[in-house]
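Close look at the chain arrangement
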Amino acid sequence: MELTDILKIFIYVLLDLIPCLVLALIPFRNHFRLPGYKTYMLLPLLLSMVFISRILSVQELSIARWFTILWIGLYLTLYIVCMKVPVTILLFTLLTILNYGSFKAIIVNWLVFCLPIPSAGRYSFFSSICQLIVYLFTFPFMYFMMLRKVKPLIDKTTNSRYWRFLWLVPATFCLSYYYSMYAGGGAVAFSSKNSSMVFAVLLNLGGLFVTFLILQLLEECNDKLLLEQENHHLAMQSVQYENLKFRIDEARQAKHDLRQHLSVIQSCLQSKDYNRLSEYIHAYILTLPSDSPITYCEDYALNALIVYYESMARNRHIRFLVDIHYPPDSGILSSDAVILFGNLLENALEACARESAPEPFISLRIKCMHNMIVAAVDNTCITPISGCEKEFPSSKTARMGIGTTSIRKIAEKYHGTVQFKQVSDIFYSSVLLSP
């Protein structure tokens, strides 16, 4: 093999590999396990192995196939080792770039084999020029998609549940293309047919378009989730404000009542009835609220919510029973837990407030069993509610309550179920979550 041929292969490999490596690294530049310069130092090793495999394939040596498998395996291994993200995200990115590379290779091969250029060949200078032209028109779109669509999703991802299946979309298009190509006699024979070229281009364009649409939908879902989190923070501020207002009213009432207590104490002192004074002071101390902070669970937002509803229930003379074993690593977002239990407790508080039961109560129980969260809210409910096992109607309207709809949506999000039922004068709400 002459030096000119080696130079042609090197230029072709360089132009073929570098843009794809740029696309592969852009989404993960904030997720390198190693410092950036150490990661980039591995690129010459990968480039050298691809260059050697192309030379071996041109000489039609039997070792070329195994060497190609070796560098592909090394490429995948380095990618997994160097990136601090789930493997499914890496697969999605790699398969998307592979589909783009296939799309580019189809057009380049078709131009090389169909245009009447005497010196044209797979690793000729003309094929390298064709690569530059194709990249000029297609690379900006891929760069935009990786930088503006894929990278923000990876940076914001805290739950990789949807990535477990998302990578199957580019994988399906990739397998369809390679099956069609090898069924048609290989890459050279496939690219030389106009009909095959049109089919492959449309297939890969369709794959990239579908991938782009899915990324757009995920971006909108993330924006909606951020909005829900902001609404959650606003709701928690509202809860804290109501709690603070309740405490201020309590302090004002206590100041007013203090004058009455001082009058009784002064009367006991004037009559020198110290036994009665001691009994009265002891009874008064028992009525004072505890000054120690109440902690039901380690989740700050959920604990604040329970404390708020507990004080609201106590103010309305509703017995509030709590039995919580809520793990800090439950796998449930704090915002979702507040929406779920906030709606359950609000429904229970409203039901008890409008009833005329002699001893209304609310019971909240949360436990973790076999990696599942089991929660139950029981409350007094004398008014019969028909059809509550299918739809829990709102007390304000005849339709299903909005809060109950939110409860069902949160349960579905965490692969769980919700059940409402009424037995005698007690309404039972139970939730099973499997995060």
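Above this note sits the structure.
One structure accompanies this document, and this report is about it. (Residues numbered from 1 in each chain as written. Predicted model: local features only at pLDDT ≥ 70, side-chain atom pairs only at ≥ 80, totals over all residues. Heavy atoms only, no water.)

1. With respect to the overall build of the chain
Looking only at helices and strands, one finds 14 helices and five strands in the chain. When the 435 residues of the chain are sorted by exposure, 41% land in the buried category. Contacts spanning at least 24 positions in sequence make up 71% of the contacts within the chain whose residues lie at least 6 apart. For the chain, the computed accessible surface area is about 24,900 Å², with 63% contributed by carbon and sulfur atoms. (Helix = DSSP H or I, 4+ residues; strand = E, 2+ residues; numbered from the N terminus. Buried < 20%, exposed > 50% of the residue type's maximum accessible area, 1.4 Å probe, protein only. Contact = heavy atoms within 4.5 Å. Areas by Shrake-Rupley, 256 points an atom, 1.4 Å probe, with all protein chains shown as cover.)

2. Some points on the side chain of S127
Within the secondary structure, S127 sits in helix 6 (residues 125-156). Residue class for S127 comes out buried when judged on its relative accessible area of 0%. A distance of 2.6 Å separates a polar side-chain atom of S127 from the backbone oxygen of S124. (Polar contact = N/O pair within 3.5 Å; in protein donor to acceptor, adjacent residues only side chain to side chain.)

3. Some remarks on the pairing of strand 4 (residues 417-423)
Both faces of the sheet carry side chains from a regular strand, because those side chains alternate between them. Here seven bridges tie strand 4 to strand 5 (residues 426-433), and the two strands are oriented antiparallel to one another. Residue pairing for strand 5: F420 is matched across the bridge by S429. (Pairing = 2+ DSSP bridges.)

4. A short note on the sheet that holds strand 1 (residues 319-324)
Here five strands make up an open sheet; going across it, the order is 1-2-3-5-4 and the pairing mixed. Two strands close off the open sheet at either side, each with one partner strand: strand 1 and strand 4. Across the sheet, the mean angle separating the axes of adjacent strands is 10 degrees when strand polarity is ignored. Sheet analysis places strand 2 (residues 361-369) next to strand 3 (residues 372-380), joined by eight bridges and oriented antiparallel. (Axes fitted to C-alpha atoms, helices over the stretch in contact; angles between N-to-C directions.)

5. Some remarks on a nonpolar patch on the surface
Together, L7, F10, L14, I18, V22, F125 and Y143 make up an exposed nonpolar region whose accessible area comes to about 540 Å². Elements represented by at least two residues in the nonpolar patch include exactly helix 1 (3-25) and helix 6. In terms of residue count, helix 1 provides more of the nonpolar patch than any other element does, five residues in total. With respect to the secondary-structure elements, L14 resides in helix 1. The exposure class assigned to L14 is partly exposed, which follows from its relative accessible area of 31%. (Patch = residues over 30% accessible without salt bridge, like charges linked within 9 Å, V, L, I, M, F, W, Y side chains within 5 Å. Salt bridge = Lys/Arg side-chain N within 4 Å of Asp/Glu carboxyl O.)

6. Structural notes on empty space enclosed by the protein
Counting across every chain of the model gives one cavity of 30 Å³ or more. In this structure, the largest cavity spans a volume of roughly 140 Å³. Taken together, L21, L25, T39, L42, L43, L46, Y75, L78, Y79, C82 and M83 make up the lining of the largest cavity. Counting only elements with at least two residues in the lining of the largest cavity, the list comes to helix 1, helix 3 (43-58) and helix 4 (63-82). Of the residues forming the lining of the largest cavity, the biggest block, four residues, is contributed by helix 4. (1 Å grid on protein atoms, 1.4 Å probe; cavity = no way out; pocket = protein on both sides within 12 Å on 5 of 7 lines; lining within 4 Å. Points joined across faces, edges and corners; volume = space filled by probe spheres on them.)

Any functional reading would require information that these geometric values do not contain.
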